[in-house]
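# Geometric and topological summary
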Amino acid sequence: VAYACNNSLSGTVINVTAGTYNENTSASLAAGVNMVGTDTVNTVVVGLQLSLVSGSANSSGNNISYIKFDGNNWTTNCAIVTSYRSNIVIHDCVFNNYSGAIDINGGGGQGEFSGWKATGIQLYNDHFINSASPFIPGNNNTGADLTFFYTVGMVIHDCVFNGTSQNPQGLNDQIGCTGYNEASPTVPLTCYNSGLKIYNTIFHKSTSLDNHTSSAH
């Protein structure tokens, strides 16, 4: 699976057939490449960290569906990490025992693309199971299953966040919108999101939709 991700060009659909894939590595998915599994029972990818990172603001997104991502007992940090990429749709997936399942960074308030925010981000029919990362001040994380910064119009619906047991590293919030700067670990980053919509979604533990998220409904 990692090889296919690393070597596929925009317009490719990676069909992940039924099976258990012990990857235990990282891979990059180019903009415009989609991944489709058989279902979340029969298509299981273990220990994969998938990077959806563009070097500049990019509107060519990705669609990832019908795959169970397994973090191999919390030894893998994040199943999916995005940066400077819009139009990402993740649906009908399971994220199990990751140390943080998804980290979406729309772009943000620094560097060449200061002020740019990702649009068209959708998550639906996804199930997050014990995949919150441990909160570590100064490590730019929120201690959450799902973290998102600098987005406009992001939609989350018909998902389940199930963290009913503690993972060995400490289970924290299920969604989070605040990071922390390594230079000033007690000072929250300004990680604004606007037009956020969450509906028909079940949370079994706490969330941290705080004052750094605007226009959340």
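Note that this is a predicted model, so its numbers are computed, not measured. (Residues numbered from 1 in each chain as written. Predicted model: local features only at pLDDT ≥ 70, side-chain atom pairs only at ≥ 80, totals over all residues. Heavy atoms only, no water.)

## A word on the sheet that holds strand β16 (residues 155–157)
Through backbone hydrogen bonds, the strands of a sheet pair up, either in parallel or in antiparallel fashion. Ordered in space as β1-β3-β5-β8-β12-β16-β19, the seven strands form an open sheet in which the pairing is parallel. One side of each edge strand has no neighbouring strand; the edge strands of this open sheet are β1 (13–16) and β19 (197–199). Averaged over neighbouring strand pairs, the angle between their axes works out to 10° when direction is ignored. Two elements, strand β5 (residues 62–65) and strand β8 (residues 88–91), share four bridges in a ladder whose sense is parallel. The residue bridging N63 from the neighbouring strand is V89, located in β8. (Pairing = 2+ DSSP bridges. Helix = DSSP H or I, 4+ residues; strand = E, 2+ residues; numbered from the N terminus. Axes fitted to C-alpha atoms, helices over the stretch in contact; angles between N-to-C directions.)

## Considering the pairing of strand β10 (residues 102–105)
For strand β7 (residues 80–85) and β10, the ladder comprises four bridges, and the chain directions are parallel. In the sheet register, S83 faces β10, and the bridge partner there is N105.

## Some details on the nonpolar core
With 39 residues, the main nonpolar core has M35, L50, I64, F69, F95, I102 and L146 as its most contacted residues. Where this core is concerned, the elements lending two or more residues are α1 (2–7), β1, β4 (43–58), β8, β10 and β14 (144–149). Looking at this core element by element, the count peaks at four residues for β4. In this structure M35 touches V1, C5, I14, V16, L29, L50, N63, I64, S65 and I67, once residues within four positions along its chain are discounted. (Core = buried A, V, L, I, M, F, W, Y, C linked by side-chain atoms within 4.5 Å. Buried < 20%, exposed > 50% of the residue type's maximum accessible area, 1.4 Å probe, protein only. Contact = heavy atoms within 4.5 Å.)

## Details of the packing of aromatic side chains
In the structure shown here, the tally under the stated rule is four aromatic pairs. When the centroid spacing of 5.3 Å and the interplanar angle of 5° are considered together, the rings of F69 and F95 count as stacked. Remark: F95 occurs in strand β9 (residues 94–96) and F69 occurs in strand β6 (residues 68–70); sequence separation between them is 26 residues. In this structure, F69 and F95 share a single accessibility class: buried. Taking the relative accessible area as the measure of exposure, F95 reaches 0% and is therefore buried. Members of the aromatic cluster, connected to one another through ring pairs, are F69, F95, F128, F161 and F203. (Phe/Tyr/Trp six-rings, centres within 6.5 Å; stacked < 30°, edge-to-face > 60°.)

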